[in-house]
Amino acid sequence: MWISQSSAIIAQNRAGSGSLRDYSAYRETLLNQKVDSVKELNLSYMKLDTFPVELLRFAKVEQINLSHNLFQTIPSELKGFPKLKRLDMSHNFLGSEALKVSKLRCLTRLDLSNNKLSAQLKLKVGRRLQTVTLNYCQLNSLRIRSRRIQEVTAMGNNIQSVRIGNCFGNKVCKLNLADNRLNTLPAGMQHYRKLEKLVLSGNRFQTVPPGIRCYKRLQGLLFYKNQIQEIPDFIFDCQALRELDFHHNKLKQINHPWGKLNQLEQLYLAHNKIEELPETIGDLTQLRFLYVEDNCLQALPASFQRLETLERLSLNHNAFIVFPKEVLALVSLQEFDISENDIEAFPEALAAMPALRLMLLNENACKSTMLCEQWLRKFDSAKAEQLRFQY
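Notes on the structure follow. On a predicted model such as this, the values are computed, not experimentally measured, just so you know.

1. Topic: the overall build of the protein
Reasoning step 1: The helix and strand inventory of the protein stands at 2 helices and 20 strands.
Reasoning step 2: Residues classed as buried in the protein amount to 50% of the 391 residues present.
Reasoning step 3: Within the protein, counting contacts between residues at least 6 apart in sequence, those at least 24 apart form 30% of the total.
Reasoning step 4: A total of about 18600 Å² of accessible surface is found on the protein, and carbon and sulfur atoms cover 45% of it.

Pasting the structure below:
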């Protein structure tokens, strides 16, 4: 069974996984290759605490993986790779208050996750660095001196203040602060007016912070797994939104002017306490994915049939007794889950839905009746070549 899950919210495994690797064997493999052909060095899981200087001959390397080793500092030897673009030093023992990678002038992506960094980290980086990952580093504050940084992921910390950029401003467009025990926005967040995606999942928010209203360019807003009871009206002024995630919260009613979000494509409202969807939900003319499983729904509004672009719909684990006929009008629907309800009969018109290719009906009230068994046989015969379903 497929379930709703936001693209941006996948927690990293802090312990890591993998087997120890033999450096000597790997070195021999490298030495058998042409020097200029080697573009990547994978030195992960080798118990290294110094960088092997004999590898400096591969000067055209663009990617180096030093994860899951014993490094306490960023090796100075990395300066010998003038074309280095990606560096992974996650799962080491880096612990300095100030880290510098500014001499790695071509570096665009840096991963320092799962290190015991200083709580007040200051990171000085090169001019081309665009993406930084700092998951599970025990950080309380984050300061990165670069105006070119576009994406920062800092999950599993305790960040209370954020400062990214310099006196000329910043270009941050994606910021992931999931699992940081936040109940308010960190200090300094008002400076990131160019944000396009903000992930605040797995925190302790009981209300949506008003500071969100200043992010007019926001396309993705994720509040998965908080304790929010109401979506505030100012969210509907963020009219560039394409993805909105409030699943696993405490929402009860969502009577809002949904039509104002005329660019919204993905809406996640699963695992709440919602009893009904408002008529305005039908005004989401660009909606492609809608997840409202594990709520208290018994029916759908008449406007629901106007969702002509909807491709995925999850209504499982609600309180439907009668099949919602509005679904039959969804001409673009490809994947449909209405399992774990109390529906006693399903309409034959389901077999005529033009785009449907996956349907889940299991755990409903009619599963042992002769009528439903006959319907399923007829349905299976009509759609056998085009549709997979589970009952």
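2. What about the packing of aromatic side chains?
Reasoning step 1: Counted according to the given criterion, the structure contains 7 aromatic pairs.
Reasoning step 2: A centroid spacing of 5.1 Å and a plane angle of 5° characterise the contact between Tyr268 and Tyr291, whose relative ring orientation is stacked. On the criterion of sequence distance, the pair formed by Tyr268 in strand β15 (residues 266-268) and Tyr291 in strand β16 (residues 289-291) is long-range, its members being 23 residues apart. Note on accessibility: Tyr268 and Tyr291 belong to one class, buried.
Reasoning step 3: One aromatic cluster in this structure is built from Phe205, Phe223 and Phe246.
Reasoning step 4: Stacked on the ring of Tyr26, the Lys or Arg Arg21 has its end atom at 5.2 Å from the ring centre.
Reasoning step 5: Cation over ring: Arg312 sits above Phe289, and NZ or CZ is 4.8 Å from the ring centre.

3. Regarding the nonpolar core
Nonpolar side chains in soluble globular proteins generally cluster together in the buried interior.
Reasoning step 1: Counting residues in each nonpolar core, the largest one holds 108 residues, and the members touching the most others are Leu41, Ile212 and Trp258.
Reasoning step 2: Every element with two or more residues in this core is listed here: α1 (23-31), β6 (120-124), β8 (141-145) and β10 (161-164).
Reasoning step 3: Considering each element in turn, this core owes the most residues, 3 residues, to α1.
Reasoning step 4: In this structure Trp258 touches Ile231, Phe236, Leu244, Leu264, Leu267, Pro278, Thr280, Ile281 and Leu284, once residues within four positions along its chain are discounted.

4. Some details on the pattern of salt bridges
Reasoning step 1: The tally for this structure, following the rule as stated, stands at 12 salt bridges.
Reasoning step 2: For Glu311, the salt bridge goes to Arg288, with nearest N and O atoms at 3.3 Å. In this pair, Glu311 sits in the loop between β16 and β17 (312-314) while Arg288 sits in the loop between β15 and β16, placing the two residues 23 residues apart along the sequence.
Reasoning step 3: We classify Arg288 as partly exposed; its relative accessible area is 26%.
Reasoning step 4: Glu335 is paired through a salt bridge with Arg357; the nearest N and O atoms lie 3.0 Å apart. One end of the pair, Glu335, is in strand β18 (residues 335-337); the other, Arg357, is in the loop between β18 and β19 (358-360), and 22 residues separate them in sequence.
Reasoning step 5: What makes Glu335 buried here is its relative accessible area of 8%.
Reasoning step 6: Through salt bridges with shared partners, a single ionic network connects Arg242, Glu265, Arg288 and Glu311.

5. Quick word on α1
Reasoning step 1: Along α1, the positions that sit buried rather than exposed are Tyr23, Tyr26 and Leu30. Angularly, the buried residues of α1 cover 65° about the axis, an arc narrow enough to put them on a single face.
Reasoning step 2: In the core, the buried residues of α1 are packed alongside β1 (40-42).

6. Topic: the environment of Ala329
Reasoning step 1: Structurally, the position occupied by Ala329 is in the loop between β17 and β18.
Reasoning step 2: Separated by 21 residues in sequence, Ala329 and Glu308 have C-alpha atoms that sit 7.8 Å apart.

7. With respect to the environment of Lys83
Reasoning step 1: Along the chain, the position of Lys83 falls in the loop between β2 (63-65) and β3 (86-88).
Reasoning step 2: Judged by its relative accessible area of 41%, Lys83 falls in the partly exposed class.
Reasoning step 3: In this structure, the C-alpha to C-alpha distance between Lys83 and Val61, residues 22 residues apart in sequence, is 6.4 Å.

8. Some points on the pairing of β8
Reasoning step 1: Examined bridge by bridge, β6 and β8 share 5 bridges and lie parallel to one another. Counterpart to Leu121 in the pairing with β8 is Leu142.
Reasoning step 2: With 4 bridges joining them, β8 and β10 adopt parallel strand pairing. Residue pairing across strands places Ser141 opposite Ser161, the latter belonging to β10.

9. Concerning the side chain of Asn364
Reasoning step 1: With respect to the helices and strands, the residue Asn364 is situated in the loop between β19 and α2 (370-383).
Reasoning step 2: Only 3.4 Å separates the side chain of Asn364 from the backbone nitrogen of Asn341, close enough to count as a polar contact.
Reasoning step 3: Sequence-distant contacts of Asn364, defined by excluding residues within four places in its chain, comprise Ile338, Ser339, Glu340, Asn341, Asp342, Ile343 and Phe346.

10. Remarks on the environment of Met46
Reasoning step 1: Along the chain, Met46 falls in the loop between β1 and β2.
Reasoning step 2: When the C-alpha atoms of Met46 and Leu70 are compared, they prove to be 8.7 Å apart, with 24 residues separating the residues in sequence.
Reasoning step 3: Not counting the four nearest positions on each side in its chain, Met46 is found in contact with Arg21, Asp22, Tyr23, Tyr26, His68 and Asn69.

Quick notes on the rules
- Residue indices begin from 1 for each chain and proceed along its sequence in written order.
- pLDDT decides what is reported in this predicted model: residues at 70 or higher carry local features, side-chain atom pairs at 80 or more are listed and counted, and totals for whole chains, interfaces and linings draw on all residues regardless.
- Note: side-chain values were computed over all heavy atoms of the structure, leaving out hydrogens and water.
- Each helix corresponds to a stretch of at least 4 residues labelled H or I by DSSP, and each strand to a stretch of at least 2 residues labelled E; elements are numbered beginning at the N terminus.
- Exposure categories follow from relative accessible area, calculated using a 1.4 Å probe and restricted to protein chains: below 20% of the type maximum is buried, above 50% is exposed, and the middle band is partly exposed.
- The contact criterion used is simple: two residues touch if any of their non-hydrogen atoms lie within 4.5 Å.
- Here the open area of atoms and residues is found with the Shrake-Rupley method and a 1.4 Å probe, where only the protein chains shown may cover a residue.
- Pairs were defined over the aromatic rings of Phe, Tyr and Trp, the Trp ring being its six-membered one, requiring ring centres within 6.5 Å. Orientation was assigned from the angle between planes: stacked under 30 degrees, edge-to-face over 60, tilted for the rest.
- The criterion for a charge sitting over a ring is simple: Lys NZ or Arg CZ within 6 Å of the ring centre, and within 35 degrees of the ring normal.
- Residue types Ala, Val, Leu, Ile, Met, Phe, Trp, Tyr and Cys, when buried and joined through side-chain atoms within 4.5 Å, form a set referred to as a nonpolar core.
- By definition, a salt bridge exists where a carboxyl oxygen of Asp or Glu is found within 4 Å of a side-chain nitrogen of Lys or Arg.
- The arc in question is formed by the directions pointing from the helix axis toward the C-beta atoms.
- The criterion for strand pairing is that DSSP finds at least two bridges linking the strands in question.
- Pairs of N or O atoms are called polar contacts if they sit within 3.5 Å, as long as, within protein, a hydrogen donor faces a hydrogen acceptor (for residues adjacent in sequence, only side-chain-to-side-chain pairs).

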